[in-house]
Amino acid sequence: MATMGKDDLPEMMTSIRVVEGKIEIVDQLLLPHQVQWLPINSPDEAYDAIKSMKIRGAPAIASLAALSLHSYLSSPTLPPFTTPDNVAQHLLPILDHLQSSRPTAVNLSEAMNRIRAVLRHTHSKSAESSEPDKAVQKIMEKVKKVCMAVHDEDLVRNLDMSRNGAMWFWMNRREGKKKLKILTVCNTGSLATSGYGTALGVITALFQAGQLDTAYYAQTTPYHQGSRLTSLELTTLKIPACMICDTMIGSLMQLHDIDGVVVGADRIVANGDTANKIGTYQAAVLAQRHKVPFMVVAPVTTVDRSLKTGNEIHIEQRPPIEATQVRGRDISTGQLSVVRITPEGVGEDDKPWNGVYNPSFDVTPAELISCVVTEKGVAERQEGENSIDVASVC
Ligand SMILES: CSC[C@H]1O[C@H](OP(=O)(O)O)[C@H](O)[C@@H]1O
């Protein structure tokens, strides 16, 4: 498969942009009907955008958090620092706050930990500096460098992992298959990353190599990452696609000769168990039932080997109201609107008789996963094994 570089990228959506030093994100709550760029002027505004899912996607939220910190370190609102310790004491609570915005995706905490490590390392080396002003400038420059790296490194690794995943599907295709039918869930394209995507990057790489028949994608309620975002990205990429409701995955595999399922990840733990968008687990169960290869694709920064198994992963519960309403464009007026799809009272705190279960993620055990793909390579689950050696691709 041809090695694709940054120069031959297809036209694709963008989730974050930096214009003359100013950060802007596209408000993904309004897509696909409206492309509205929102300025992000502080780490607090970055927190709010991540928490409310104006921006989402494990790598993208890490990028925004890091970029907002980079911008803050150049802003006039920054207090004067007299020692490196002042810098660390001021920034550490901001890192904690950003990290608390969404708990399941490890990319965010991994990025914050990289910045903490710079603060600790530089502080210890310059604590007794005879020139504190220089030491302050040095620690701030190092932190800014790491912040930019978190954002900049994403695109190249997405190209690498996408090529790795596409090659695995092609090399392991069933005899006689000339083009592949691949299913994905949620949104893992350029709207969820700094570009090209992870699981959707694999689909894009197959298409660009002439090896894709059709990309099937699940609507992925209640946020509708599939209906609203993946549909927009596949249209932009001009990839032949077919949307299905989340309830149709079983029927699709039963009747439509699917060659593989490819999904992203929010956290992959030491044994290969993987947290990803709600609905991934049931897709994996159905894939095993129908002997369809099931691939998880994510950057190394999504792997958390500090956790041994998936039952240690904190699953974010989203507000009930997000499952009782749906966003869209009013067919008669053309206006954007949010409509309730349940009776009044469902999911409201003071009416516990009719609650809402709304976890944002679920955990797919490694025994249901055929392989984990990162920018470093492919870790296959060995026949009869219930775990995957994810360390081999970190
Ligand atoms: C490459 S994005 C990874 C991951 O993030 C998404 O979750 P959310 O839309 O809630 O941020 C989804 O689980 C993707 O697979």
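Residues numbered from 1 in each chain as written. Predicted model: local features only at pLDDT ≥ 70, side-chain atom pairs only at ≥ 80, totals over all residues. Heavy atoms only, no water.

A. Structural view of the nonpolar core. The biggest cluster of nonpolar side chains holds 43 residues, and the ones touching the most others in it are Ile55, Leu64 and Val143. Listed by contribution, the elements that provide at least two residues to this core are strand E2 (22-26), strand E3 (37-40), helix H1 (43-51), helix H2 (58-72), helix H3 (84-99), helix H4 (106-126) and helix H5 (132-171). Top contributing element to this core by residue count: H2, with ten residues. In this view, Ile55 contacts Ser15, Ile16, Ile25, Gln28, Ala49, Ile50, Ala60, Ile61 and Leu64; residues no more than four positions away in its chain are not counted. The next biggest cluster of nonpolar side chains, apart from the first, holds 30 residues, and it includes Ala265, Phe294, Ala379 and Ile388. (Core = buried A, V, L, I, M, F, W, Y, C linked by side-chain atoms within 4.5 Å. Buried < 20%, exposed > 50% of the residue type's maximum accessible area, 1.4 Å probe, protein only. Helix = DSSP H or I, 4+ residues; strand = E, 2+ residues; numbered from the N terminus. Contact = heavy atoms within 4.5 Å.)

B. Seen up close, the UniProt feature "site: Transition state stabilizer" (unreviewed entry) in the chain. Mapped onto this structure's residue numbering, the UniProt feature "site: Transition state stabilizer" (unreviewed entry) falls at Cys186. Locating Cys186 in the fold gives a position in the loop between strand E4 (180-184) and helix H6 (199-208). Residue classification places Cys186 among the buried residues on the basis of a relative accessible area of 7%. In this structure Cys186 touches Arg56, Ala218, Thr220, Gln225, Gly226, Thr230 and Lys277, once residues within four positions along its chain are discounted. (UniProt positions renumbered as here; feature names shortened; annotations may be inferred.)

C. Representation of the sheet that holds E2. Spatially, three strands are ordered E1-E2-E3 in an open sheet, and the strand pairing comes out antiparallel. The open sheet is flanked by strand E1 (16-19) and E3, the only strands paired with a single partner. Each strand axis lies, on average, 35° off the axis of its neighbour in the sheet, ignoring direction. Two strands pair when backbone bridges link them, and E2 and E3 are joined in this way by four bridges, in the antiparallel orientation. Within E3, the position partnered with Ile23 by the bridge is Ile40. (Pairing = 2+ DSSP bridges. Axes fitted to C-alpha atoms, helices over the stretch in contact; angles between N-to-C directions.)

D. Fine view of the packing of H2 against H5. Two elements in contact, H2 and H5, have axes whose closest approach is 8 Å; the angle formed by their N-to-C orientations is 150°. Of the possible angle classes, the one that applies to H2 and H5 is roughly antiparallel. The handedness of the crossing between H2 and H5 is left-handed. Counted together, Pro59, Ala62, Ser63, Ala66, Leu67, Leu69 and His70 of H2 and Val143, Lys144, Cys147, Met148, Val150, His151, Asp154 and Arg157 of H5 form the full contact between these two elements. For the contact of H2 with H5, the class distribution of residues is nine nonpolar, three polar and three charged. (Parallel < 35°, antiparallel > 145°, perpendicular 65-115°, else oblique. Left-handed = near helix turned anticlockwise from the far one by under 90°. Nonpolar A, V, L, I, M, F, W, Y, C, P; charged D, E, K, R; others polar.)

E. Looking closely at the pattern of salt bridges. Evaluation of the coordinates by the stated rule reveals 19 salt bridges. Between Glu24 and Arg17 there is a salt bridge, with its nearest N and O atoms 2.6 Å apart. We classify Arg17 as partly exposed; its relative accessible area is 33%. One salt-bridge network, in which partners are shared between bridges, spans Glu110, Arg114, Glu153, Asp154 and Arg157. (Salt bridge = Lys/Arg side-chain N within 4 Å of Asp/Glu carboxyl O.)

F. Local environment of H2. Compared with the 21 Å implied by 1.5 Å per residue over 15 residues, the 22 Å span of H2 between its first and last C-alpha is a close match. For H2, a buried count of 13 out of 15 residues is recorded, marking the element as mostly surrounded by other parts of the structure. (Expected span 1.5 Å × (residues − 1).)

G. Representation of the site of the ligand within the structure. Around the ligand sit 20 residues, and of these Gly57, Arg102, Asp266, Asn276 and Lys277 come closest. Between the ligand and the protein, one listed contact pairs an oxygen atom with a backbone N or O atom of Gly57 at 2.7 Å. Measuring from an oxygen atom of the ligand, one finds a side-chain N or O atom of Arg102 at 2.8 Å. A total of 400 Å² of accessible area belongs to the ligand in isolation, and the protein chains cover 99% of it. Only H2 and strand E9 (274-277) provide two or more residues apiece to the shell around the ligand. Its residues placed into classes, the shell around the ligand shows seven nonpolar, nine polar and four charged. (Near = heavy atom within 4 Å. Polar contact = N/O pair within 3.5 Å; in protein donor to acceptor, adjacent residues only side chain to side chain. Areas by Shrake-Rupley, 256 points an atom, 1.4 Å probe, with all protein chains shown as cover.)

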